[in-house]
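Each chain, letter by letter, is given below.
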Amino acid sequence: ANNRHFFVGGNWKCNGNKRSILELVELVNGIHVERNTGVEVVCAPPFPYLDLVRSTLKKEFGVAAQNCWIAGSGAYTGEVSADMLLDVGVEWVILGHSERRHLPELHESDETIAQKTEKALESGLGVILCIGELLQERENGKTLDVCIRQLNAVAKVVTDWQKVVVAYEPVWAIGTGKVATPERAQEVHNAVRQWFRNNISTQVADKLRIIYGGSVNGQNCGRLAGQRDIDGFLVGGASLKPEFAEIVLSHR
Ligand code: PEP
């Protein structure tokens, strides 16, 4: 991870209720992260619990929403704007998650994700931007083409990458128990960083945090964290369990 500040996000997805969410907050609050030198930890509960989590989670940990709308207030029934998230103290938003890209009922396009990214950054949120290939795309040797296509859409609208974290999440590894090997993940992370070096700038490429997601758990996090271009994790299933602590502390 070089000198980049290690970043671990917990994506709680559509899980929990008031009681279990408070238990989870207690668990995360119990993780001892050293100030300044430690890990940046961000929890992403479902929308209705953001305010509760922000008011109970330790201040040194961040809170992320799992989605936001492409525009500000207005006649957009059922949507939540970036400004509303900021208003309740949320600092981050996860955008482009594979479930939002690929669930047939949602099917968000690269362009929609780019619009959301633009709006979120303009409002002042940090963005955890997820990219990654489907199994078939990987088998056809298209991994990088897909990641670059997804990045290109967003790169058109981003002027300042300081508040962006890129999460490489191969879709075949999400929630499947099939984690990418550390070497394979490193290879893609390195190629993505190289793309930033060639297409954005050396400075952005050196500073940008590229985190891995896809069946990360307490057992496999250590070897992944040891890879040069892996700057942290986005964790789904294991972020709901005590082993989240081991993942947060995997970078030592
Ligand atoms: C995710 O949802 O971003 C994720 C990586 O899930 P899991 O850790 O369960 O594979």
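Residues numbered from 1 in each chain as written. Predicted model: local features only at pLDDT ≥ 70, side-chain atom pairs only at ≥ 80, totals over all residues.

Draft legend 1. Region of the structure containing helix H7 (residues 143–155). Its 13 residues place the ends of H7 18 Å apart at the C-alpha level, agreeing with the 18 Å of an ideal helix rising 1.5 Å per residue. Along H7, the residues classified as buried are Thr 143, Cys 147, Gln 150, Leu 151 and Val 154. The buried residues of H7 occupy one face: seen down the axis, they fall within an arc of 95 degrees. Against the buried residues of H7 lie helix H5 (110–123), strand S5 (126–131), helix H6 (135–139), strand S6 (164–168) and helix H8 (182–199). (Helix = DSSP H or I, 4+ residues; strand = E, 2+ residues; numbered from the N terminus. Expected span 1.5 Å × (residues − 1). Buried ≥ 20, exposed ≤ 12 C-beta atoms within 10 Å, placed from the backbone. Arc of directions from axis to C-beta. Contact = placed C-beta atoms within 7 Å.)

Draft legend 2. Region of interest: the site of the ligand. Near the ligand there are 13 residues, and of these Ile 174, Gly 175, Gly 213, Gly 236 and Gly 237 occur at the shortest range. When grouped by side-chain class, the residues that make up the shell around the ligand number five nonpolar, seven polar and one charged. (Near = placed C-beta within 6 Å. Nonpolar A, V, L, I, M, F, W, Y, C, P; charged D, E, K, R; others polar.)

Draft legend 3. Region of interest: the sheet that holds S5. Here we have eight strands rolled up into a closed barrel, ordered S1-S2-S3-S4-S5-S6-S7-S8, and parallel in their pairing. Each strand of the sheet is rotated relative to its neighbour by a mean of 25 degrees, with strand direction disregarded. Bridge count for strand S1 (residues 7–11) against strand S2 (residues 40–44) is five bridges, and the pairing is parallel. Counted as the bridge partner of Gly 10 is Cys 43 from S2. Packed on one face of the sheet, H5 meets strand S4 (92–95) and S5 and runs near 175 degrees to S4. (Pairing = 2+ DSSP bridges. Axes fitted to C-alpha atoms, helices over the stretch in contact; angles between N-to-C directions.)

Draft legend 4. Molecular detail of the packing of H5 against H7. The contact between H5 and H7 brings their axes to 8 Å, and the two run at 40 degrees. Compared by their axis directions, H5 and H7 come out oblique. Considering only the axes of H5 and H7, their crossing is right-handed. Listed contacts from H7 to Asp 110, Glu 111, Ile 113, Ala 114 and Thr 117 of H5 are Arg 149, Gln 150, Ala 153 and Val 154. Tallied by class, residues from the contact of H5 with H7 come to four nonpolar, two polar and three charged. (Parallel < 35°, antiparallel > 145°, perpendicular 65-115°, else oblique. Left-handed = near helix turned anticlockwise from the far one by under 90°.)

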